[in-house]
Amino acid sequence: MLQIPTWSKVLTILILVVGILIALPNALPGWVVSRIPPFLPSSTVALGLDLQGGSYLLLEVEFDQVQKDRLESLMGDIRVAFRKARIGYTNLQASGDAVSLRVTEPGRYDEAKSILTKLNPLVGGSVLSVGTRDYQMTEPGHDGLVMRMTDEFKTNTKDQILEESVEVVRRRIDQLGTREPTIERQGEDRILVQVPGLSDPARLIKLLGTTAKMTFQMVNDAADQAQAEKGIVPIGDELLKFAPNKNDKITPPPLVVERRVLVGGDRLTNAAQSFDQQTQDPDVTLSFDTVGAREFGEATKNNVGKRFAIVLDNQIIEAATIREPILGGSANISGGFTVQSATDLAVLLRAGALPAPLRVIEQRTVGAELGADQVTAGKYSTLAGLVLVALFMVARYGLFGLFADLALTFNVILLLAALTAFGATLTLPGIAGIVLTMGMAVDANVLIYERIREEHRNGRSIIASIDQGFRRAMATIVDANMTHLIASLILFQLGSGPVRGFAVTLGLGIITSFFTAVMVTRLFVVTWFRSVRPKALAL
């Protein structure tokens, strides 16, 4: 009767000690935290955008460019297939969401249809299911054929592109070393980005707005530069401009480069900012995978003495002469970089290319001053709630109220420790969840104490009343906490952003308040009773 096993006492005390150690760095100044020994916890709770300031961006994925690229790719496949089959055609062009052409050999019209069918894969099709085609083929007459994107293909492409864009944006922001960014999909074509603590939103916009599609292409030095600048470019070539370079007062004239890609940026395994060994200027070191290293080695081996261009997002960032074969699987890009611009380019290349351009449709910058005001207001509201609850409990239950207040203090400490340990981000709604948790935390103590009073009024002894009070209130406490926990889980599952922050702190607070109200308060009461052996119930 009124016994607590030794293992339970040890476990409760151990949890409280560990919680204090984990939560303590949050109450210490930064210079003290930096000197904490490595074997002790030194992490602090990450503050959200609304508390420490940062950047808020709403991005829109431009699917029109993706659709254009897919149609150009289809046109390229048609050219290769018809050339291989030696089928004559004319008027191959893309318009809207369709590619059209006219077969010039009527006797081979059916063969041309068969080739287009082979170039038209299934959407969701498999060996056991028919599926639907990416493109719907129509015959407008006069030996014409039209390949139009199906609605299923458009929907699947949008979903795929949006998911890939979210992942690339996440990788790029993670490379910056920012803590706890929020990156999530909104609607059918938008991405919400919140980066707490980032003081340079312009850099973030530039980083996310760059597609970062890198290719290595040969320069056609034999092309007529004057004619190319007038728009007369040889078949298979294109005219590209140089990217602006701060170190060059005069931007070099555009170059005619082959459309054929020697090596694509998808073959990169790593990119890092480095320094040129001769000039000590910042540059970017690239490393290729096995296939990329072989392709790059063969390209440089077969084109010694010629120039190749490094193209990033349809702009030339460097055009170099191949002095000797580059067979090591690595290369250096130099082009008047600063340390930051070289680092940003390396970040873009490591994270991969965006599958579609992104357009900023909403931008908000939250200043650190606003965040500091909100943190201060949150601290005051939390302390005010803690003090008011503590005063009420002491006024209502005396010494037992003091025990509940001590348990409540440990509850706040354990909640802060849990947020720190799980790496959760604390937002203003999260602070509201903490304040609400403090009010709910003493509910269990009220149930227990009222039950103890009722048992004592019914004639039970002090020790029996305390024991039965804790036992018989347990079912009600469990039911109440389970309903609150279920509500917090639903909020977390269905909510987003600030609602999730509120749900996280509320859910963790329910767990810690249950532990402190049942285990910690019981430990205080039993220890007091066995030490004092009171003759009357101090309740």
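Residues numbered from 1 in each chain as written. Predicted model: local features only at pLDDT ≥ 70, side-chain atom pairs only at ≥ 80, totals over all residues. Heavy atoms only, no water.

Secondary structure assignment for the protein chain yields 15 helices and 21 strands. Within the protein chain, the proportion of its 539 residues that are buried is 42%. Relative to all contacts within the protein chain whose residues are 6 or more apart in sequence, the contacts with residues 24 or more apart total 69%. (Helix = DSSP H or I, 4+ residues; strand = E, 2+ residues; numbered from the N terminus. Buried < 20%, exposed > 50% of the residue type's maximum accessible area, 1.4 Å probe, protein only. Contact = heavy atoms within 4.5 Å.)

Time to look at the packing of aromatic side chains. A full pass over the atoms with the stated rule returns 15 aromatic pairs. Here F403 and F524 contribute two aromatic rings whose centre-to-centre distance is 6.3 Å and whose plane-to-plane angle is 40 degrees, an arrangement assigned as tilted. Remark: F524 occurs in helix α15 (residues 498-532) and F403 occurs in helix α12 (residues 399-421); sequence separation between them is 121 residues. Exposure remark for F403: the relative accessible area of 9% places this residue in the buried category. (Phe/Tyr/Trp six-rings, centres within 6.5 Å; stacked < 30°, edge-to-face > 60°.)

Here the focus is the sheet that holds strand β13 (residues 255-258). An order of β13-β12-β18-β17-β11-β14 is seen for the six strands of this open sheet, with the pairing classed as mixed. A single partner strand is all that each edge strand has here, and the edge strands are β13 and β14 (263-264). Taken together, the six bridges between strand β17 (residues 307-312) and strand β18 (residues 315-321) define a ladder with antiparallel strand orientation. Residue pairing for β18: F308 is matched across the bridge by A320. (Pairing = 2+ DSSP bridges.)

Glancing now at the nonpolar core. The biggest cluster of nonpolar side chains holds 25 residues, and the ones touching the most others in it are M393, F400, I448, Y449, I452 and I466. Sorting the residues of this core by element identifies α11 (368-397), α12, α13 (428-457), α14 (462-494) and α15 as the ones contributing at least two each. If near-sequence neighbours (up to four positions away) are discounted, I448 is found in contact with G469, F470, A473, I477 and A517. (Core = buried A, V, L, I, M, F, W, Y, C linked by side-chain atoms within 4.5 Å.)

The next subject is the confidence of the model for the protein chain. This prediction gives the protein chain a mean pLDDT of 81; 89% of its residues lie at or above 70. Under a pLDDT of 50 for its full length, residues 124-130 has, in the predicted model, four contacts with residues more than four places off or in other chains. (pLDDT = per-residue confidence, 0-100.)

With that settled, consider the pattern of salt bridges. Applying the stated rule across the entire model yields 19 salt bridges. For the salt bridge of E450 with R453, the shortest nitrogen-to-oxygen distance reads 3.5 Å. Here the residue E450 and the residue R453 both occupy positions in helix α13, the gap between them amounting to three residues, near one helical turn. Under the relative-accessibility criterion, E450 is labelled partly exposed at 26%. Connected through shared salt-bridge partners, R451, E454, E455, R460 and R472 make up one network. (Salt bridge = Lys/Arg side-chain N within 4 Å of Asp/Glu carboxyl O.)

Counted under the stated rule, the structure contains one cavity of 30 Å³ or more. Within this model, the largest cavity holds a volume of roughly 30 Å³. For the largest cavity, the full set of lining residues is A404, A407, L408, A441, V442, N445, S513, T516 and A517. Broken down by secondary-structure element, the contributors of at least two residues to the lining of the largest cavity are α12, α13 and α15. (1 Å grid on protein atoms, 1.4 Å probe; cavity = no way out; pocket = protein on both sides within 12 Å on 5 of 7 lines; lining within 4 Å. Points joined across faces, edges and corners; volume = space filled by probe spheres on them.)

Now for the environment of V103. Mapped onto the elements of the fold, V103 is located in strand β4 (residues 98-103). The exposure class of V103 is buried, given its relative accessible area of 0%. With sequence-adjacent residues up to four places away left out, V103 is seen in contact with I87, G88, Y89, Y109, A112, D143 and L145.

Okay, the packing of α13 against α15 next. Each packed pair of helices is defined by two parameters, the angle between the axes and the distance between the axes. Relative orientation of the contacting elements α13 and α15 amounts to 25 degrees, with a least axis distance of 8 Å. Compared by their axis directions, α13 and α15 come out roughly parallel. In the crossing of α13 with α15, the sense of the turn from one axis to the other is right-handed. Residues belonging to the contact of α13 with α15 are distributed by class as follows: 14 nonpolar, nine polar and no charged. (Axes fitted to C-alpha atoms, helices over the stretch in contact; angles between N-to-C directions. Parallel < 35°, antiparallel > 145°, perpendicular 65-115°, else oblique. Left-handed = near helix turned anticlockwise from the far one by under 90°. Nonpolar A, V, L, I, M, F, W, Y, C, P; charged D, E, K, R; others polar.)

Right, let's get into the side chain of E60. With respect to the helices and strands, the residue E60 is situated in strand β2 (residues 54-61). At a separation of 2.2 Å, a polar atom in the side chain of E60 contacts the side chain of R359. (Polar contact = N/O pair within 3.5 Å; in protein donor to acceptor, adjacent residues only side chain to side chain.)

Once that is clear, we can look at the pairing of β18. Sheet topology places strand β12 (residues 237-242) next to β18; two bridges connect them, and they run parallel. Residue pairing in the sheet places F242 in a bridge with I316 of β18. Between β17 and β18, which pair antiparallel in sequence order, lie two residues; one of them, D313, sits at a positive phi of approximately 50 degrees.

All right, on to α15 then. Taking 1.5 Å per residue, 35 residues should reach 51 Å; α15 reaches 48 Å between its end C-alpha atoms and fits that length. At T516, α15 shows its maximal kink, close to 30 degrees. Once α15 finishes, R533 follows within two positions and takes phi at roughly 50 degrees, a positive value. (Expected span 1.5 Å × (residues − 1). Bend = angle between axes of the 7 residues up to and from the residue.)

Another aspect to go through is the sheet that holds β4. One open sheet accounts for four strands, arranged β3-β4-β8-β7; its pairing is antiparallel. The open sheet has two edge strands with one neighbour each: β3 (89-95) and β7 (135-141). Strand-to-strand twist of the sheet, defined as the mean angle between neighbouring strand axes without regard to direction, takes the value 20 degrees. Of the strand pairs in this sheet, β3 and β4 are connected by five bridges, and their pairing is antiparallel. Across the sheet, residue T90 finds its bridge partner in β4, namely R102. The sheet contacts of helix α5 (residues 109-118) involve β4, β7 and β8 (144-149), and relative to β8 the element is tilted by about 15 degrees.

Another aspect to go through is the environment of Q468. Within the element layout of this structure, Q468 appears in helix α14. What makes Q468 buried here is its relative accessible area of 17%. Separated by 20 residues in the primary sequence, Q468 and I448 have C-alpha atoms spaced 9.1 Å apart. Beyond its immediate chain neighbours, meaning those up to four positions away, Q468 contacts R451, E455, R460 and A473.

Our focus in this paragraph is the packing of helix α1 (residues 6-23) against α12. For the pair α1 and α12, the least separation of the axes is 8 Å and the interaxial angle reads 60 degrees. Judged by the inter-axis angle, α1 sits oblique to α12. Both α1 and α12 take part in a crossing whose hand is left-handed. Facing α1, whose interface residues are I15, L16, G19, I20, I22 and A23, α12 presents F410, I413, L414, L416, A417, T420 and A421.

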